[in-house]
Protein chains: 2
Amino acid sequence: MKKLDSSFKLIKEKLHKAGFKLTPQRELTVEVLLEKEKDHLSAEEIYLLVKAKNTGIGLATVYRTLEILTELQIINKLTFQDGIARYDLNMGSDKHQHHHLLCLKCGSIEEVKQDMLFEIEKEIERDYHFLVKDHRLTFHGICRNCAEQDKEDESDVNVNG
Amino acid sequence: MKKLDSSFKLIKEKLHKAGFKLTPQRELTVEVLLEKEKDHLSAEEIYLLVKAKNTGIGLATVYRTLEILTELQIINKLTFQDGIARYDLNMGSDKHQHHHLLCLKCGSIEEVKQDMLFEIEKEIERDYHFLVKDHRLTFHGICRNCAEQDKEDESDVNVNG
DNA sequence: AAATAATCGACACTAAGTCTCAACTACTAT
DNA sequence: ATAGTAGTTGAGACTTAGTGTCGATTATTT
């Protein structure tokens, strides 16, 4: 757990430097976020996971902590089409958001780490005189797993029909 | 109002063909959407605009109508970072969503009609084995107006200070 | 160890959106 | 043109994500 430990320390430092207290509730919230690094958790989910660590925490506290972490750019707040906010560790600390692949079948969210939009941002700035600060790019489609599942189902139908 | 008229007829036809009744509430909702083509209205805003045409309509009806229109791909339902659904006429009838420029200062939403992501989608499909059906791309930044405003304010400060 | 400013949890509240159901109406076929 | 009917409507109850309030608590500083 070396990597998590160092990230954990770094985040705690950031919080402290910004003048926030290091309460156990905040530490546990960060802990959960680090442990579920790959997921895109909602506030409710984070709340339940922190509570599951046999600790009490209020939902409002989770929201407040997430707000602070977003402010400090430790996490990103994302809203996909369902309108529910999800949170995403900003490990790379790039100023630009990475992209997401949202599966329409299973709802999974995969990340695309590279930033493919550099050229397009230049185009936007030139053609629309719009000063780009950040972007959100989500592809909607069918993930690898679901596509394979679909293929299997199809051949099942062919065999049985 | 030739263009609006023909769009209006087309939409009504689509509704009818899909087996939906052409109620005055639905017609008025479509009318509002056509009149405010450039805006990105929320359900609440559409509701008020329809009511303003000295007609009664229920909020639930607006939601239901918007759901149907989204289903039939006559409009697109968009959720930006505030989590409120906004609606957007799908005039071009391209299967792919156009892009948006969201100003962080004034909140305006501008459209980018071209689809700049063709190559990137190919990359995603190749590298991630993800079958892309659609995308959502929003640039966050400062629009032309606000940038100019900022410049003016700055020179004011210089003159007065 | 005491002072204190930040933080906490419980719960009331807001707001977007959905559900329910009795009343109504656009369409279809006569 | 009219009646029958399935789809639709509006009012308001409900759900759910998220915010605000406030008295009690606690991490930090001295």
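Everything numeric in this text was worked out from a predicted model, so none of it was measured.

Rules used in this analysis
Residues numbered from 1 in each chain as written. Chains lettered and ligands numbered in written order. Predicted model: local features only at pLDDT ≥ 70, side-chain atom pairs only at ≥ 80, totals over all residues. Heavy atoms only, no water. Domains from an automatic or database assignment. Contact = heavy atoms within 4.5 Å. Buried area = accessible area lost by both parts, 1.4 Å probe. Near = heavy atom within 4 Å. Polar contact = N/O pair within 3.5 Å; in protein donor to acceptor, adjacent residues only side chain to side chain. Nonpolar A, V, L, I, M, F, W, Y, C, P; charged D, E, K, R; others polar. Helix = DSSP H or I, 4+ residues; strand = E, 2+ residues; numbered from the N terminus.

### Quick look at the domain arrangement of chain A
Residues and elements named next belong to chain A. Domain annotation of chain A identifies domain 1 (1-93) and domain 2 (96-161). Domain 1 and domain 2 are separated by 25 Å when their C-alpha centres are compared. Counting from both sides, the interface comprises 8 residues of domain 1 and, opposite them, 9 residues of domain 2. Carbon and sulfur atoms supply 58% of the area buried between domain 1 and domain 2, which totals about 680 Å² over both sides. Considering only the surface of domain 1 that becomes buried against domain 2, H40, L78 and F80 emerge as the three largest contributors, covering 57% of it.

### Here's the deal with the protein's contact with DNA strand D
Residues in close proximity to DNA strand D total 20 residues, the closest being T23, Q25, R26, T61 and R64 of chain B. Backbone atoms, meaning sugar and phosphate, form 65% of the atoms of DNA strand D found within 4 Å of the protein. In the model, a base nitrogen of DNA strand D is placed 3.3 Å from a nitrogen or oxygen of the K21 of chain A side chain. At a separation of 3.0 Å, a phosphate oxygen of DNA strand D approaches a polar backbone atom of G58 of chain B. Looking at the surface near DNA strand D residue by residue, the classes come out as 9 nonpolar, 5 polar and 6 charged.

### Considerations on the protein's contact with DNA strand C
DNA strand C sits among 19 residues. The nearest are T23, Q25, R26, T61 and R64 of chain A. In the environment of DNA strand C, a sugar or linking oxygen lies 2.7 Å from a nitrogen or oxygen atom belonging to the side chain of Q25 of chain A. Backbone polar atom of L22 of chain B to a phosphate oxygen of DNA strand C: 3.0 Å apart, as the coordinates give it. Going through the elements one at a time, α2 (24-35) and α4 (59-71) of chain A together with α4 (59-71) of chain B are the ones with two or more residues in the surface near DNA strand C.

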